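Listed here are the chains, written in short residue letters.
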Amino acid sequence: MSKMMCADIIKALQPIVARYEAEQVGVLIDAALECDVLTSRFPTLRMEVSEERKSLEKVEQIWDFLFAQGITRRGLLICIGGGVITDIGGFAAATYKRGIDYINIPTTLLAMIDASSGGKTGINYHGLKNSVGCFAPPVETLISPQWLKTLPAAQWLSGFGEMLKTGLISQPALWHQLLQYDLEVMDSEALMPLIEQCVACKESIVAADPKETGPRKVLNFGHTFGHALEELSLDAMPHGYAVVYGLIAELYLSVTNLGCPKEPLQQLTQLMLHYYGRPQCKCSEREQLVRLMQQDKKNERTAEINCTLIREVGMPVINQVITPAEALEALEYLFSL
Ligand SMILES: NC(=O)c1ccc[n+]([C@@H]2O[C@H](COP(=O)([O-])OP(=O)(O)OC[C@H]3O[C@@H](n4cnc5c(N)ncnc54)[C@H](O)[C@@H]3O)[C@@H](O)[C@H]2O)c1
């Protein structure tokens, strides 16, 4: 798979699409978005997105669309949208006629940084998030700042939460650049070099462990607590916000358990208070959060809480088992801020 940062998506797409017969190309696009240059040229399926719609029924709709267009195994699906479209479109393409090529054009910051790379595709099934899916990387991912101009602030901050995680697990230089980025202005052009570094970091981690057997778990930093908070909020909390809160709790444990310096925890706390706000949670819900963490699908043994922590910025350590009492202490810290 290759990734391309491009000012002009259409120009970048031309040589790739030229490898396919024109009648073998289909477009799947988030119904909230416009991309006339492509949708007027190729048969297009517009799909309204939500977590509820990331379903088998919608996959069938994509398969039906591909069949109706007569797309063969030499076909191409171009997926334009956020993480819901890239996950579901990738899954439909990977399973249609045992797999056709697809291209991702991510349009949210979260999809640019995370969902459109790494090769994970899938749907929600029986109410369980991403419980059916497969590893199937797109042939190309085209990332352009043009989409960020219409993105609501909460979506920006959500994607930026994943970027902060990448900075903490990769290198001090990236972490410092992210801290210096002006979130008041949200300049999409200025963000591009940082997006590029975050994507390159994820790509190299995934290349070393494509099916998440070990080293790829560094990407889970902030996610043990983050997923529990997201679940407790019944998905009302944007993913990247939950990751930022999870990072605070897991940085706290990195300090107490691994002797990580306090500076990144203090820096992220300031950023959280300024931009993300405090997480809302009643005292009684803390025990429930610990139970949710004990049921996390990332755990290797029943009821154990498994986290990725850091020794310092750029030095992640996977498979750190923490006790329920330690988890409660980290939550205590998070909710005391
Ligand atoms: N495969 C992976 O590795 C991976 C990683 C992270 C997240 N995900 C998945 O990604 C999904 C979340 O992604 P998301 O936050 O992009 O959600 P999304 O696709 O639901 O998009 C969020 C909202 O932004 C709107 N939107 C999209 N692009 C826009 C634009 N340019 N301007 C204005 N509005 C725009 C959408 O219509 C939607 O309302 C989840 O389903 C999650 O499971 C997958």
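All values derive from a computational prediction rather than experimental measurement.

> How should the pairing of strand S9 (residues 305–310) be read in this particular structure?
Counting buried residues in S9 gives 6 out of 6 residues, a clear majority hidden from the surface. The side-chain alternation of S9 yields two buried faces, one formed by Ile305, Cys307 and Leu309 and the other by Asn306, Thr308 and Ile310. Bridge analysis of S9 against strand S10 (residues 316–322) gives 5 bridges, and the strand direction is antiparallel. Bridge assignment links Ile305 to a residue of S10, and that residue is Ile322. Linking two consecutive strands that pair antiparallel, namely S9 and S10, is a turn of 5 residues; a positive phi of about 90° is found at Gly314 within it.

> Is there a simple way to think about the site of the ligand in this case?
Taken together, 22 residues lie near the ligand, and Asp30, Glu51, Gly83, Thr108 and Thr150 sit nearest. For the ligand, an oxygen atom lies 2.8 Å from a polar atom in the backbone of Gly83. For the ligand, a nitrogen atom lies 2.8 Å from a polar atom in the side chain of Asp87. Relative to its free-state accessible area of 870 Å², the ligand is covered by the protein chains to the extent of 81%. For the shell around the ligand, the secondary-structure elements that each account for two or more residues are helix H4 (83–95) and helix H5 (109–115). Counted by class, the shell around the ligand contains 8 nonpolar, 7 polar and 7 charged residues.

> So what exactly am I meant to see when it comes to the domain arrangement of the protein chain here?
Accessible area lost when the parts come together is the quantity often used to give the size of an interface. Taken domain by domain, the protein chain consists of domain 1 (2–147) and domain 2 (152–336). Between domain 1 and domain 2, the residue contacts involve 16 residues of the former and 26 residues of the latter. Across the interface of domain 1 and domain 2, roughly 1,800 Å² is buried in total on both sides, 67% from carbon and sulfur atoms. Counting across the domain 1 and domain 2 interface gives 4 salt bridges. The partner of Lys120 in a salt bridge is Glu212, and the shortest N-O contact between them spans 3.0 Å. Counting across the interface, domain 1 meets domain 2 through 4 residue pairs in polar contact (both at pLDDT 80 or more). Mapped by element, the contributors of at least two residues to the side of domain 1 that touches domain 2 are strand S1 (2–5), H5 and strand S7 (128–135).

> What exactly am I supposed to notice about the packing of aromatic side chains here?
One pair of aromatic rings is described through two measures. These are the centre distance and the angle between the planes. Following the criterion strictly, the structure yields 4 aromatic pairs and no others. Here Tyr252 and Tyr333 contribute two aromatic rings whose centre-to-centre distance is 4.8 Å and whose plane-to-plane angle is 25°, an arrangement assigned as stacked. You can see Tyr252 sitting in helix H10 (residues 239–258) and its partner Tyr333 sitting in helix H13 (residues 324–336), a full 81 residues away along the chain.

> It is not clear to me how the pattern of salt bridges should be interpreted in this structure. Could you clarify?
The tally for this structure, following the rule as stated, stands at 11 salt bridges. A salt bridge links Lys165 to Glu162; the shortest N-O distance between them is 3.0 Å. In this pair, Lys165 and Glu162 are both assigned in helix H6 (residues 153–169), 3 residues apart and thus about one turn of the helix distant. For the pair formed by Lys165 and Glu162, the shared burial category is buried. Each of the salt bridges in this network shares a partner with another, and the network as a whole consists of Lys120, Glu212 and Arg216.

What counts, and at which threshold
- Residues numbered from 1 in each chain as written.
- Predicted model: local features only at pLDDT ≥ 70, side-chain atom pairs only at ≥ 80, totals over all residues.
- Heavy atoms only, no water.
- Buried < 20%, exposed > 50% of the residue type's maximum accessible area, 1.4 Å probe, protein only.
- Helix = DSSP H or I, 4+ residues; strand = E, 2+ residues; numbered from the N terminus.
- Pairing = 2+ DSSP bridges.
- Near = heavy atom within 4 Å.
- Polar contact = N/O pair within 3.5 Å; in protein donor to acceptor, adjacent residues only side chain to side chain.
- Areas by Shrake-Rupley, 256 points an atom, 1.4 Å probe, with all protein chains shown as cover.
- Nonpolar A, V, L, I, M, F, W, Y, C, P; charged D, E, K, R; others polar.
- Domains from an automatic or database assignment.
- Contact = heavy atoms within 4.5 Å.
- Buried area = accessible area lost by both parts, 1.4 Å probe.
- Salt bridge = Lys/Arg side-chain N within 4 Å of Asp/Glu carboxyl O.
- Phe/Tyr/Trp six-rings, centres within 6.5 Å; stacked < 30°, edge-to-face > 60°.

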